[in-house]
Amino acid sequence: MSDGSVQQQQSQPAVPLLEEQRVGEILAAVPERGQWRYRPRRVGMVWRSKTFRIAAVFTVLALCGLVILALVRAQTGTEGFLVGLGLAVLPVPLLMTAFRWLDRVEPEPWRNLLFAFAWGACAAALIAIIANSFATRWIATATADPASADTLGATVIAPVVEESAKAAAVLLIFLFRRRDFGGVVAGVVVAGFTATGFAFTENILYLGNAFGEDQQIGNSGLASVTAATFFVRGVMTPFAHPLFTVLTGLGFGFAALSAPRHRIRRIALPLLGLILAMGMHALWNGSGTFGPYGFYVVYGVFMVPVFGLVTWLAIWSRQRELRTLATELPAYAAAGWLTPAEPLALSSMRARGLARDLARQRHAQAGYGALGYGYAPAYGPAHGTHGRIAAQVRSHAKAQAKARGQAAARAVAEYESFATSLAFLRRRAGRGAVEPDFTARELELLHHLWQRRDVAAPALAYAAQATGRLRPHSMAPAPVPQQYQPYGGHNPYLSPPGQPYHQPPHGQQRYGNRPPQHPW
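Residues numbered from 1 in each chain as written. Predicted model: local features only at pLDDT ≥ 70, side-chain atom pairs only at ≥ 80, totals over all residues. Heavy atoms only, no water.

A. Just the overall build of the chain, in detail. Summing up its helical and strand segments, the chain has 16 helices and zero strands in all. The buried share among the 520 residues of the chain stands at 41%. Across the chain, the fraction of contacts at a sequence separation of at least 24, relative to all contacts at a separation of at least 6, is 78%. For the chain, the accessible surface area stands at approximately 28,800 Å², while carbon and sulfur atoms represent 62% of it. (Helix = DSSP H or I, 4+ residues; strand = E, 2+ residues; numbered from the N terminus. Buried < 20%, exposed > 50% of the residue type's maximum accessible area, 1.4 Å probe, protein only. Contact = heavy atoms within 4.5 Å. Areas by Shrake-Rupley, 256 points an atom, 1.4 Å probe, with all protein chains shown as cover.)

So this is what it looks like as structure tokens:
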């Protein structure tokens, strides 16, 4: 070995030897995390960032919206676009309100619904316009028969493309927001919002083109093509697109209720719903080819009955969700987490609303009285400085009391939401879909309920009495029924004494099974 290499090795710093007895001493010299000069790099972890995912989805939908806006405006013109936009927006609030009313038991997060609507209005509409136009032109070129190509495109190509594009939004929420996708009602609502967005964009296009046609031939008023188009699409059949896509949503909803072990069923049900949606859409689009009365026959014989059947099924599913609360929550009442009256009140939409109103009213009155204005005589006309000060004080007191009432109502609403999630979590476990974090999620929900029980429990107990759901013979606590056995893992209310969660969290006393007293 040359002298140069020996000198180079001697000039390099020595590598610390790994000695087991000195490992702690060596690692103790590592600086704190805030003083690190080298930080672990995330390789391939960008998509896991929530901020990146939100920004990516927003960017894609925004680009689709800009492109669809340019395409529709190019086809209808500026005036036609504005007229179509003003008329197409009218059915949207009604449809959204109807779906939101259906979703009151366990409401879908607004972020999911807004995503579904934006996907239908932007992404699905853009896919449909491009794919339908390309397919129709290709068929017309191949067959040299433009009329047949238009008919084939409307009855075959459009239903397949449009329903597949709309179903993609339901699929994405089903896969990536699985915990929010609780069952049939969730599938109906998500599909309904997606189809409402799609119909909104499509109506702008149809109404804008109708307005342009009226401008060319000089029609106006009720006899115009625009008025006729709006009557058919906005008055007679605003539910057409939502009805088609809801069939797909039903398939995903029934799949969500299936146990994970039923993989074939979880795949087949959404596909069956999608096929039914395509078939119904094709029948509707082809009604014009069945003769002069084909539209009315399809509308009266198929569309209206199917709409009534789907509406009944959705309302029945909502009532079934309420019965789930009445079935699953008594186990927690028997364990002392709830009063016997709460499952009865939580399984009634009327009692839930009454409990929120009672909490708002009572806590607002209590807050106003606590500030010394409960029995204060009415002031006369505010004259001078003292009168103005008194009026300002009373106004401030009213604002504070109103804020306290709103906070109490919000606490009851949150309590109802957490209790609903708890019941559905237990229902899924009972069907064999025990999630790995079942125990952690159950304890978290119980913790949220415990933090709000002082406000919510008396209001719900009184609401159960006021609505006639609680009777004297139903006040006595019952033992834990046989069907409430653990589904694997830890079960908090069946833990033996001495286990960590045998007592309520944070050292608070257990909420006993006492008959609910009149709180006010």
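B. Layout of the nonpolar core. Core analysis: the largest hydrophobic core is formed by 62 residues, its most contacted members being Trp 119, Phe 181, Val 188, Phe 193, Leu 250, Trp 284 and Met 303. Look past the residues within four positions of Leu 250 in its chain and what remains in contact with it is Val 184, Val 188 and Leu 313. Ranked by size, the runner-up nonpolar core spans 37 residues in total, among them Leu 325, Ala 351, Leu 446 and Ala 464. (Core = buried A, V, L, I, M, F, W, Y, C linked by side-chain atoms within 4.5 Å.)

C. Up close: the side chain of Asp 214. Within the element layout of this structure, Asp 214 appears in helix H7 (residues 184–217). It is Arg 233 that comes nearest to the buried, bridge-free Asp 214 among opposite-charge side chains, at 14 Å. (Lys, Arg positive; Asp, Glu negative; His and termini not counted. Salt bridge = Lys/Arg side-chain N within 4 Å of Asp/Glu carboxyl O.)

D. Here's a closer look at helix H5 (residues 110–143). For H5, built from 34 residues, the straight-helix expectation of 50 Å at 1.5 Å per residue is met to within 8% by its first-to-last C-alpha distance of 47 Å. Bending of H5 peaks at approximately 40 degrees at the position of Trp 119. At the C-terminal side of H5, Ala 144 shows a positive phi close to 55 degrees. (Expected span 1.5 Å × (residues − 1). Bend = angle between axes of the 7 residues up to and from the residue.)

E. Seen up close, the environment of Ala 419. Residue position: Ala 419 is located in helix H15 (residues 384–430). Among the residues examined, Ala 419 registers a relative accessible area of 0% and is labelled buried. Sequence-wise, Ala 419 and Leu 446 are 27 residues apart; in three dimensions their C-alpha atoms are separated by 8.3 Å.

F. Up close: the packing of aromatic side chains. This structure, assessed with the given rule, holds 13 aromatic pairs. Seen in terms of ring centroids, Phe 115 and Trp 119 are 6.0 Å apart; in terms of plane orientation they differ by 45 degrees. Their pairing is tilted. Of this pair, Phe 115 and Trp 119 both sit in helix H5, separated by four residues, roughly a single helical turn. Each member of the pair, Phe 115 as well as Trp 119, carries the same accessibility label: buried. Between Trp 337 and Trp 450, the aromatic rings sit 5.4 Å apart at their centres with planes inclined by 80 degrees, giving edge-to-face as the arrangement. Taken as a pair, Trp 337 in the loop between helix H12 (330–334) and helix H13 (341–346) and Trp 450 in helix H16 (residues 438–466) lie far apart in primary sequence, 113 residues in all. (Phe/Tyr/Trp six-rings, centres within 6.5 Å; stacked < 30°, edge-to-face > 60°.)

G. Representation of the pattern of salt bridges. Taken as a whole and assessed by the stated rule, the structure comprises 10 salt bridges. Residues Asp 103 and Arg 100 are paired through a salt bridge, measuring 3.7 Å at the closest nitrogen-oxygen approach. Owing to a relative accessible area of 3%, Asp 103 belongs among the buried residues under this scheme. On the accessibility criterion, Arg 100 (22% relative accessible area) is partly exposed. Across the pair Glu 416 and Arg 356 runs a salt bridge whose closest N-O atoms are separated by 2.7 Å. Within this pair, whereas Glu 416 is found in helix H15, its partner Arg 356 is found in helix H14 (residues 349–370), the two being separated by 60 residues in sequence. Within this structure, Arg 352, Arg 356 and Glu 416 form a network of salt bridges that share partners.

H. Quick peek at the packing of H5 against helix H6 (residues 146–176). Contact geometry of H5 with H6 gives a least axis separation of 8 Å together with a crossing angle of 155 degrees. The pairing of H5 with H6 is recorded here as roughly antiparallel in orientation. The two elements H5 and H6 meet at a crossing, and its hand is right-handed. Looking at the contact of H5 with H6 residue by residue, the classes come out as 21 nonpolar, four polar and three charged. (Axes fitted to C-alpha atoms, helices over the stretch in contact; angles between N-to-C directions. Parallel < 35°, antiparallel > 145°, perpendicular 65-115°, else oblique. Left-handed = near helix turned anticlockwise from the far one by under 90°. Nonpolar A, V, L, I, M, F, W, Y, C, P; charged D, E, K, R; others polar.)

I. Up close: the confidence of the model for the chain. On average, residues of the chain score 79 in pLDDT, and 76% of them reach the 70 mark or higher. Across residues 374–380, where pLDDT falls below 50, the model places six contacts with residues more than four positions away in sequence or in other chains. Within the model, pLDDT remains below 50 along residues 473–520, and this stretch shows 96 contacts once partners closer than five positions in the same chain are excluded. (pLDDT = per-residue confidence, 0-100.)

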